[in-house]
Amino acid sequence: MKDYTNGQNIAAASEKEIHTDFEKNMTYGEYLQLDKLLSAQIPASGQHDETLFIVIHQVSELWMKLILHEMQSAINCINEDNLQPAFKQLARVSRIQSQIIQGWDVLATMTPTDYLKFRNSLGNASGFQSYQYRMIEFTLGYKTKHVLKIYEKEKELHQQLLSAFQKPGLYDAAIQKLARSGFGIDPELLDRDVTMVYESNDSVKQAWKAVYQDADSHWELYQLAEKLVDIEDSLQQWRFRHMKTVERIIGFRQGTGGSSGVHYLKKVLDHYFFPELWELRTEI
Ligand code: HEM
Ligand SMILES: N[C@@H](CC(=O)c1ccccc1NC=O)C(=O)O
């Protein structure tokens, strides 16, 4: 019987079972590169709440990295007609979104006075410049060309964004799948210019309606549709909490990124990623 009170014994036992010589010498901190991760919170102002502000953004960016990783893999699986792993990955995206949304509760503990103490130190920096957020929007089919301009001077980011901009997104993959499953999708749509913002299409709406009206015959597509609705629902919740938290903290001031602030954030809420999946709910 192993001595579980002795950390060294546990290490010795597991070493033999699963670790290679290389891994044996690696520590927790080295593996997670905590030296880099935990030395990247450098306040510009030294005000108490700026640490919260930095951490909440960094946590969001880390989760966005995982969202992109899962969504790209889900697109590949859908293209290969391998829907079960795609469902698992898309379900994971939804759970990550719940985590990011919860983050607004932490940030909302910062009052307007707390924030105004360091807002000036942020200069013109703004979440508007989050390239991973744009990658997510592009992957979901919201191809806003003007956004690319922001990154013109950062060659590598610009290249990565441009590549996501020119690629078919998650919804394009779902529509191609509808066509492969025998639904009559407009041929022009299957060959559409994917650099354009996706707009509602009647043949797609009729297909999704048929899926919802006879789910038993189209169980996988039905599940796919609901996973997409989960993701859009959560993204809208994120947008709403962002808008409301911004109002709570800076009111109707202009944004550091040059927009009208809350008015702009409210307007973005009108956009739908997967319009037919919402429209059909009134019509079936
Ligand atoms: C005190 C907290 C925050 C304030 C006052 C704030 C304010 C704003 C404002 C006013 C905008 C509009 C663009 C501009 O003119 O600057 C914006 C955009 C944005 N912010 Fe924030 N924000 C806050 C926290 C966050 C956090 C925690 C995130 C997470 C990453 C974030 C991500 C974004 C993104 C992605 C956009 C672009 C949205 C779009 O274009 O649809 N913001 N923010
Ligand atoms: N746009 C914000 C500033 C801001 O929130 C921000 C500044 C630098 C890095 C990230 C930010 N977060 C989201 O927009 C403001 O107008 O106060």
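What counts, and where the lines are drawn
- Residues numbered from 1 in each chain as written.
- Chains lettered and ligands numbered in written order.
- Predicted model: local features only at pLDDT ≥ 70, side-chain atom pairs only at ≥ 80, totals over all residues.
- UniProt positions renumbered as here; feature names shortened; annotations may be inferred.
- Helix = DSSP H or I, 4+ residues; strand = E, 2+ residues; numbered from the N terminus.
- Buried ≥ 20, exposed ≤ 12 C-beta atoms within 10 Å, placed from the backbone.
- Contact = placed C-beta atoms within 7 Å.
- Axes fitted to C-alpha atoms, helices over the stretch in contact; angles between N-to-C directions.
- Parallel < 35°, antiparallel > 145°, perpendicular 65-115°, else oblique.
- Left-handed = near helix turned anticlockwise from the far one by under 90°.
- Nonpolar A, V, L, I, M, F, W, Y, C, P; charged D, E, K, R; others polar.
- Near = placed C-beta within 6 Å.

1. What about the UniProt feature "binding site: substrate" (unreviewed entry) in the chain?
And then number 1: If you check UniProt for "binding site: substrate" (unreviewed entry), the listed places come out as Phe53, Ile54, Val55, Ile56, His57, Tyr115, Arg119 and Thr256 in our numbering.
And then number 2: Within the fold, Ile56 resides in helix 5 (residues 50-79).
And then number 3: Look at Ile56 and you get partly exposed, because 16 C-beta atoms sit within 10 Å.
And then number 4: Within the element layout of this structure, Tyr115 appears in helix 7 (residues 112-119).
And then number 5: Sequence-distant contacts of Tyr115, defined by excluding residues within four places in its chain, comprise Asp49, Met110, Ile249 and Ile250.

2. With respect to the packing of helix 5 against helix 6 (residues 83-107)
Packed helices, taken two at a time, are described by their axes: the angle between them and the distance between them.
And then number 1: As a packed pair, helix 5 and helix 6 sit with axes 9 Å apart at the nearest point and diverge in direction by 165°. With respect to helix 6, the element helix 5 is oriented roughly antiparallel. Of the two possible hands of crossing, helix 5 and helix 6 adopt the one that is left-handed.
And then number 2: In the contact of helix 5 with helix 6, the residues fall into 19 nonpolar, 5 polar and 2 charged.

3. A few points about the site of ligand 2
And then number 1: In the region of ligand 2, the neighbouring residues are His57, Arg119, Leu122, Ala125, Ser126, Gly127, Ile250, Gly255, Thr256 and Gly257.
And then number 2: Its residues assigned to classes, the shell around ligand 2 comprises 3 nonpolar, 6 polar and 1 charged.

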